[in-house]
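Listed below are the residues making up each chain.
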Amino acid sequence: MVDDASLRRAVDTVWSLYRAKHRDVDPADSRRCLLQRHLRGRWEARVSEVEELTGFGLAYLDGLPKDEC
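Everything numeric here is computed off the predicted structure, so don't read it as measured data.

What counts as what
Residues numbered from 1 in each chain as written. Predicted model: local features only at pLDDT ≥ 70, side-chain atom pairs only at ≥ 80, totals over all residues. Heavy atoms only, no water. Helix = DSSP H or I, 4+ residues; strand = E, 2+ residues; numbered from the N terminus. Expected span 1.5 Å × (residues − 1). Buried < 20%, exposed > 50% of the residue type's maximum accessible area, 1.4 Å probe, protein only. Arc of directions from axis to C-beta. Salt bridge = Lys/Arg side-chain N within 4 Å of Asp/Glu carboxyl O.

J.: Quick question: what am I supposed to make of helix H2 (residues 30-44) here?
T.: Every α-helical turn comprises 3.6 residues, leaving residues that sit three or four positions apart pointing alike. Spanning 15 residues, H2 covers 22 Å between terminal C-alpha atoms, matching the ideal 21 Å at 1.5 Å per step. Taken together, the buried positions of H2 are occupied by Arg-31, Leu-35, Leu-39 and Trp-43. Projected down its long axis, H2 shows its buried positions confined to an angular sector of 110°, all on one face. Residues Arg-37 and Glu-44 are exposed on H2 and point more than 90 degrees away from its buried face. Of the residues flanking the end of H2, it is Arg-46, one or two places downstream, whose phi is positive at about 80°.

J.: I'm lost on the pattern of salt bridges in this one. Help?
T.: When charged atoms on two side chains of opposite charge get close, those side chains can pair. Scanning the entire structure with this criterion turns up 3 salt bridges. Put simply, Arg-40 and Asp-4 hold a salt bridge, and the shortest N to O gap is 3.6 Å. Taken together, the residues span a long stretch of sequence, with Arg-40 in helix H2 and Asp-4 in helix H1 (residues 4-21) at a distance of 36 residues. Residue classification places Asp-4 among the partly exposed residues on the basis of a relative accessible area of 37%.

This is the structure we're talking about:
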C-alpha cells in the first residue's frame, strides 16, 4: 500500500508535469486541489503504485473542462 509520502510525491509529480505542459497554469490553481482529492480517492481504493497514481492524475487533469477551473 502507498503511504502518505508516496501519495504526496504522486501529486507533486503530476502537478509538475501538467504545469510543464500548460505554462499558463498558476502554481496555486484550484485544479491542484481537485487533483489531490481525486488521487486520494484512488489511493483509498487501494491503487498501490505511485506510477499508476501518476497516470490516473494526468488523465484526470487532461479531462477537466478548461472553463470549469
